[in-house]
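Listed here are the chains, written in short residue letters.
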Amino acid sequence: MNLTIVEYPDKKLRQKSKEVKSFDHKLHELLDSMYPVMMNTNGIGLAAIQVSFALRVLILNIPDEEGEQTKENLLEIINPVITHKNGETIYQEGCLSVPKFYEDVKRFENIILNYQDRDANTKTLEADGLLAIAIQHEMDHLEGILFIDHLSYARRKKFEKEYKRMLKEKFSS
Ligand code: Y12
Ligand code: CO
């Protein structure tokens, strides 16, 4: 499956993703195709809507202590629901759909998550640190929310101005 990353301000990114009901070969093909897209662009997280599939699917590969991303740490998360959230943390986030921009975003520090894996098995995951932050970032995508939506009015205005300038440069060269 040939997938390309949808970039802001594409309206597709504002779609609300639908619950996965069929855990079939099509879902497996989507998951298998999302992985190289994320790895080839130095991503640590990718939601299906970022590759034009409005399904409640996301993948994450958080680097280990050596900074390595290994496939054994790959998490495939389907139909996630946060059941507990606690604390506050601020992290400078980036997004493959908003290239070259990084902004501080406030998130819950610890979360507990229920989700399904690619074979529809129900799982529970307790997450903190970068994993908790990345899960919340990716789950926002399922609602059509981007990390830039969390910025203050002034920061957002500045972002829009800089992003427009970046796009202009990109398409004039
Ligand atoms: C904090 C919160 C959420 C995440 C997970 C989702 N974000 C990413 O995986 C971002 C990746 C990213 C990769 C980039 O590198 C390339 O595109 C080659 C990047 O650089 C540029 O756009 C030039 C920006 C973001 C992570 C952390
Ligand atoms: Co993102």
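Residues numbered from 1 in each chain as written. Chains lettered and ligands numbered in written order. Predicted model: local features only at pLDDT ≥ 70, side-chain atom pairs only at ≥ 80, totals over all residues. Heavy atoms only, no water.

**What to know about the coordination of the cobalt ion (ligand 2)**
Point 1. For the cobalt ion (ligand 2), every protein donor is listed as Cys95 (SG), His137 (NE2) and His141 (NE2), and the spread of their distances is 2.1 to 2.2 Å.
Point 2. We note that the donor set of the cobalt ion (ligand 2) lies within a single chain, spaced as C-x41-H-x3-H. A residue pair is termed long-range when its members are at least 10 positions apart, and Cys95 in the loop between β4 (89-93) and β5 (103-107) and His141 in helix α2 (residues 129-142) qualify at 46 residues. Side by side, Cys95 and His141 carry an identical accessibility label, which is buried. (Donors = N, O, S within 2.8 Å, 3.2 Å for Na, K, Ca; no water. Helix = DSSP H or I, 4+ residues; strand = E, 2+ residues; numbered from the N terminus. Buried < 20%, exposed > 50% of the residue type's maximum accessible area, 1.4 Å probe, protein only.)

**Details of the pairing of strand β2 (residues 57-60)**
Point 1. In β2, alternate side chains face the same way, and those of Val57 and Ile59 on one face and Leu58 and Leu60 on the other are all buried.
Point 2. Pairing analysis gives four bridges linking β2 to strand β3 (residues 75-86), with the strands arranged antiparallel. In the strand pairing of β3, Leu58 is matched with Ile77. (Pairing = 2+ DSSP bridges.)

**Description of the sheet that holds strand β7 (residues 122-127)**
Point 1. As summarised here, the arrangement of the five strands in space is β1-β2-β3-β6-β7, forming an open sheet in which the pairing is antiparallel. In the strand order of this sheet, the two ends are held by β1 (45-47) and β7, each with one partner. Between one strand and the next, the sheet's axes are offset by a mean angle of 40°, whatever the strand orientation.
Point 2. Strand direction decides the pairing type here: strand β6 (residues 110-116) and β7, joined by six bridges, are antiparallel. Across the sheet, the residue bridging to Leu113 is Leu125, located in β7. (Axes fitted to C-alpha atoms, helices over the stretch in contact; angles between N-to-C directions.)

**Here's the deal with the site of ligand 1**
Point 1. Lining the immediate environment of ligand 1, one finds 17 residues, of which Thr41, Ile44, Gly94, Lys100 and Tyr102 sit closest.
Point 2. A distance of 3.4 Å separates an oxygen atom of ligand 1 from a polar backbone atom of Gly45.
Point 3. Lys100 places a main-chain nitrogen or oxygen 2.9 Å from an oxygen atom of ligand 1.
Point 4. Considered on its own, ligand 1 offers 610 Å² of accessible surface; in the complex 78% of this is hidden by protein.
Point 5. Among the elements of the structure, β4 and α2 are those that each provide at least two residues to the shell around ligand 1.
Point 6. Counted by class, the shell around ligand 1 contains eight nonpolar, six polar and three charged residues. (Near = heavy atom within 4 Å. Polar contact = N/O pair within 3.5 Å; in protein donor to acceptor, adjacent residues only side chain to side chain. Areas by Shrake-Rupley, 256 points an atom, 1.4 Å probe, with all protein chains shown as cover. Nonpolar A, V, L, I, M, F, W, Y, C, P; charged D, E, K, R; others polar.)

**Focus: the side chain of Glu93**
Point 1. By the secondary structure assignment, Glu93 is in strand β4.
Point 2. Accessibility expressed as a relative area gives 3% for Glu93, which makes it buried.
Point 3. Every residue in contact with Glu93, bar those within four places of it in the chain, is listed here: Phe101, Tyr102, Glu103, Val105, Arg107, Ile133, His137 and Phe147. (Contact = heavy atoms within 4.5 Å.)

**Here's the deal with the pattern of salt bridges**
Point 1. The full count for this structure, using the stated rule, is 14 salt bridges.
Point 2. Of the charged contacts in the structure, one is a salt bridge between Lys170 and Glu7, with a shortest N-O distance of 3.2 Å. Remark: Glu7 occurs in the segment before α1 (25-40) and Lys170 occurs in helix α3 (residues 153-172); sequence separation between them is 163 residues.
Point 3. Taking the relative accessible area as the measure of exposure, Glu7 reaches 29% and is therefore partly exposed.
Point 4. Its salt-bridge partner being Glu76, residue Arg118 comes within 2.8 Å of it at the nearest N-O pair. Of this pair, Arg118 sits in the loop between β6 and β7 while Glu76 sits in strand β3; the two residues are 42 residues apart in sequence, bridging distant segments of the chain.
Point 5. Taking the relative accessible area as the measure of exposure, Arg118 reaches 19% and is therefore buried.
Point 6. Three or more residues are tied together by salt bridges with common partners; here these are Arg14, Asp149, Arg156 and Glu160. (Salt bridge = Lys/Arg side-chain N within 4 Å of Asp/Glu carboxyl O.)

Spatial relationships are all this shows, so hold off on functional conclusions.
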